[in-house]
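# Coordinates in review
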Amino acid sequence: MLRSLYLRQRTKPDKLNRSCHVGAKSPEEDRHNKGRDTSDFKPANPNSKHGKNGSQSADLDRGIIGGEDGDGDGDGEGYGMNVEQQEEKNKNKKRKKTKKTKKNESNDASKLQQTTPPRVLLSTLFASSEYPHGELVPYEKTRRTTDQEARYTSRLWDESFLADYRQAAEIHRQVRQYAQEKVIEPGASLAAIAEEIEAGVRALCGHQGIETGDALKAGMAFPTGLCLNNVGAHWTPNSHLPDVKLDKSDVLKVDFGVHVNGRIVDSAFTIAFDHTYDNLLTAVKEATNTGIAHAGVDARISEIGAAIQEVMESYEVEIAGKTLPIKAIRNITGHDTLRYQIHGGKQIPFVRSNNRDKMEEGEVFAIETFGSTGKGYLRDDIGVYGYGRQADVSSANVQSSAAKTLLKTIDANFGTLVFCRRYLERLGTKHYHLGMKHLIDRGIVESHAPLVDVKGSYIAQFEHTILLHEGWKEVISRGDDY
């Protein structure tokens, strides 16, 4: 999310043998994407390495219903026993019955399932706080890593690191599954889609973000991006904008982030109802998976970008009788993430580049790609997607009382997390526009505009967050859907 502009001259890549945020439309571009299965919603537990026939405690950790429980005492009527023996037998029976009752109560608790819409606190479904891990992929050409070692994080992470990331990832999976199956359909309002996604995230993490500082504990890492057609990134519904309804001919990018204690899971997907765009979606999904496959400790970022471009631009799509090449967008990038910051200091282009940076153990990356049927180059459009507090800019020169008050609200509720007008207004903040202008003019707050390609073009996006363990990479946001 929050795309950095990354200007590079394109060069033609060598052929590889390979098969393998957010803006919605401006008022004149209303519409969007594809129908989905509406089967009953269940908690997502993708790619869990715990065996289905493993221990009950392991299954409970994964939110799976516990097994059967019998007392198994196999006793008779006490024939041939004296009085003392019979009394001791009866005591043992009572103990077993008590254990059985407690075990049944535990099983009843484990039978909790997510609701539709998702509103059950995730920590209730995973009472042990051991959340499902993502897809674990060993690095190529590295020492063999045992299953025991795979459970440990990089030495650079603290104890809560994996628990926070895995909780955020499971929230993302459950909320997006519900959105895909029940919410995103032709005729749906983009405002309603954003509201459902954000309400689900806040409910599952247990932080509504209304009380001062609550949104910094867990919740939305940035405003839900809902970008239609030629809008590539940085569009979200806001109260001052006319509502936009999805059309069956639309291509919709859905990009949202979940954070727990500032650990951000950033993941995005694209939906199209019309099969005309299948090749576009396939090209971008395959390109993202190619980027993930090439990522790892000591991987060169330039080589990842070249591989992404090669795969994506091997596809073309036929629209309205015209065959169009799919171009990797060359002036935005994937990125590393830091605590409470959606962008760190490293960028991963979708094209070949001279970037000599390497990935390092302990880093977290949002591996994403965008493909377009247009020019493959995005420009700022009118409007504002959201705002971000600049951590390295002093507020000492703020003179406006309105700006000072607004900055206190921003620091107390968002810190360096990106927010939008909707988020300010749900806190009850009013008449903040002049104060915001003052902060933007002084570089304390940065505003983000929607990013668009030429009108009439179509853009798709797919994105996952990965963690670089010592011997493994973990695609933390991987699910059954993408």
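In this text, all values refer to a predicted model and were calculated from it rather than measured experimentally.

As a further point, take the nonpolar core. One broad trend across soluble globular proteins is that nonpolar side chains are buried collectively. Core analysis: the biggest nonpolar cluster contains 104 residues, and I184, L190, I193, L246, M359 and L439 have the highest contact counts within it. Examining the composition of this core, we find that 10 residues originate from one element, helix α5 (residues 161-183), more than from any other. Of all hydrophobic cores here, the second largest spans eight residues; its members include A221, I264, I342 and V418.

If you walk through the whole model with that rule in mind, you get 12 salt bridges. A salt bridge links E196 to R119; the nearest nitrogen and oxygen atoms lie 3.5 Å apart. Taken as a pair, E196 in helix α6 (residues 190-205) and R119 in the loop between α2 (83-110) and α3 (122-125) lie far apart in primary sequence, 77 residues in all. Note on R119: relative accessible area 35%, which makes it partly exposed. Overlapping salt bridges bring together D158, D164 and R263 as one network.

Evaluation of the coordinates by the stated rule reveals nine aromatic pairs. Relative to Y458, the ring of Y277 lies with its centre 4.8 Å away and its plane at 45 degrees, an arrangement referred to as tilted. With Y277 in the loop between β5 (263-272) and α7 (278-294) and Y458 in the loop between β15 (451-452) and β16 (459-468), the pair connects residues that are 181 residues apart, well separated along the chain. The residues Y277 and Y458 share a single accessibility class, namely buried.

Note on placement: T236 falls in the loop between β3 (231-233) and β4 (251-260). The exposure class assigned to T236 is buried, which follows from its relative accessible area of 1%. Of the polar contacts made by the side chain of T236, one reaches the side chain of R422; its length is 2.8 Å.

The next point concerns the packing of α5 against α6. The N-to-C vectors of α5 and α6 enclose an angle of 145 degrees; their axes lie 9 Å apart at closest approach. The way α5 lies across α6 gives a crossing that is right-handed. Where α5 approaches α6, its residues I171, Q174, V175, Y178, A179 and V183 are matched on the opposing element by I193, E196, I197, G200, V201, L204 and C205. Taken together, the residues of the contact of α5 with α6 break down into 10 nonpolar, two polar and one charged.

Parameters at a glance
- In this convention, every chain numbers its residues from 1, walking through the sequence in written order.
- With pLDDT at 70 or above as the cut-off, local features in this predicted model cover only qualifying residues; side-chain atom pairs require 80 or more to be listed or tallied, and sums for whole chains, interfaces and linings still use all residues.
- For side-chain calculations, the full set of non-hydrogen atoms in the structure is used, while hydrogens and water are omitted.
- Residues enter a nonpolar core if they are buried and are Ala, Val, Leu, Ile, Met, Phe, Trp, Tyr or Cys, with the set joined through side-chain atoms within 4.5 Å.
- Each residue is placed in one exposure class: buried if its accessible area under a 1.4 Å probe, protein chains only, is under 20% of its type's maximum, exposed if it is over 50%, and partly exposed if it falls in between.
- Each helix is a run of H or I in the DSSP string that is no shorter than four residues. Each strand is a run of E no shorter than two, and both are numbered from the N terminus.
- Here, a salt bridge means any Lys or Arg side-chain nitrogen found within 4 Å of an Asp or Glu carboxyl oxygen.
- Working definition: rings of Phe, Tyr and Trp (its six-membered ring) pair if their centres are within 6.5 Å, and the pair is stacked with planes under 30 degrees apart, edge-to-face with planes over 60 apart, and tilted otherwise.
- In the analysis that follows, any N or O atom pair within 3.5 Å is treated as a polar contact, provided that within protein one partner can donate a hydrogen and the other can accept it, and provided that, for residues neighboring in sequence, both atoms belong to side chains.
- Every axis in this analysis is a line fitted to C-alpha atoms, fitted for helices over the stretch in contact. Angles between the N-to-C directions lie between 0 and 180 degrees.
- The hand of a helix crossing depends on one turn: near helix anticlockwise from the far one by less than a right angle means left-handed, and clockwise means right-handed.
- Here a residue-residue contact requires only that any non-hydrogen atoms of the pair lie within 4.5 Å.
- Amino acids outside the nonpolar list (Ala, Val, Leu, Ile, Met, Phe, Trp, Tyr, Cys, Pro) and the charged list (Asp, Glu, Lys, Arg) are all regarded as polar, and Gly is one of them.

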